[in-house]
Amino acid sequence: MSTKISRRSFLKCTGASIAAVSAAGMLGGCKSNGNSTVVEVKVGDKVSNWNNLGVQLTSLFKLTSDPAQAGYEYIGVLVTAVNRSKKDTFAIGAQNLAEINAAYPVPPLENVDANFHALAAASTDFAASCDGQSVECGASIALYNKNSQSFSDATSLPPQGSGYIQLMLMVPTGWKQINVTYMPTFVQDKTITFIMTSADVTKA
């Protein structure tokens with residue numbers, strides 16, 4: 001049975017731990033793709049430094065709440081991320097996150113659909129497809145604080161900062177493969193694509 005989690009319990013239920021998100025150390029010593037124009041990443045793959053961004057496609061989960069649209073489900077994806085730059089802040093995903101969460105707070109669960117659609121519409125630096133068809137994808141940052149050993153919602157990774165890129169997608173049930181392409185605002189004409197299959201969904 002697939003693990004089901006609520007959006008607000010995203011990090012707690014994924015086994016996201018201090019050890020798992022000490023991203024600077026975790027992503028050291030793995031393959032480096034430098035400034036390559038196009039990079040593909042599968043679950044478990046680590047990229048130590050791509051245009052000053054280190055990433056690992058960590059895991060994906062089925063979320064508890066199903067969309068109102070029949071025949072679809074929500075999938076959550078965690079990408080461990082670290083900003084290698086010493087001076088640049090990387091804006092990632094929806095930049096009006098606070099406004100979205102204020103307009104459609106979750107809980108209550110009846111706001112999940114509206115919150116997701118607003119988040120996806122604002123995540124213009126991400127494009128997703130499922131089995132060859134375009135699907136919605138929302139993105140935000142869960143920033144890790146070493147001092148408090150906790151996560152907080154954010155819109156960007158500060159210099160040397162680490163945490164998770166949280167992706168939420170609405171896909172047809174029975175899906176086989178999801179591709180999410182990230183087109184960073186901090187580099188031009190370069191992409192990194194995360195490739196996931198239904199077999200990669202974390203099992204209970």
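Residues numbered from 1 in each chain as written. Predicted model: local features only at pLDDT ≥ 70, side-chain atom pairs only at ≥ 80, totals over all residues. Heavy atoms only, no water.

## Considering the side chain of N83
Item 1. Within the secondary structure layout, N83 lies in strand β5 (residues 72–83).
Item 2. A polar contact of 3.1 Å, which involves the side chain of N83, links it to the backbone oxygen of P158.
Item 3. Here N83 is in contact with N52, D88, T89, F90, L157, P158, P159, Q160 and G161, once residues within four sequence places are set aside. (Helix = DSSP H or I, 4+ residues; strand = E, 2+ residues; numbered from the N terminus. Polar contact = N/O pair within 3.5 Å; in protein donor to acceptor, adjacent residues only side chain to side chain. Contact = heavy atoms within 4.5 Å.)

## Structural notes on the packing of aromatic side chains
Item 1. Using the criterion set out here, one finds five aromatic pairs in the structure.
Item 2. Residues Y144 and F151 carry aromatic rings whose centres are separated by 5.3 Å and whose planes lie at 50° to one another, so their mutual orientation is tilted.
Item 3. The interplanar angle of 25° and the centroid separation of 5.8 Å between the aromatic rings of F151 and Y164 together place this pair among those described as stacked. Residue F151 is found in strand β10 (residues 150–154), and its partner Y164 is found in strand β12 (residues 162–172); the two are separated by 13 residues along the sequence.
Item 4. Under the relative-accessibility criterion, F151 is labelled partly exposed at 25%.
Item 5. Classification of Y164 as buried rests on a relative accessible area of 2%.
Item 6. In textbook terms, an aromatic cluster arises when at least three aromatic residues are bridged by ring pairs, as seen for Y144, F151 and Y164. (Phe/Tyr/Trp six-rings, centres within 6.5 Å; stacked < 30°, edge-to-face > 60°. Buried < 20%, exposed > 50% of the residue type's maximum accessible area, 1.4 Å probe, protein only.)

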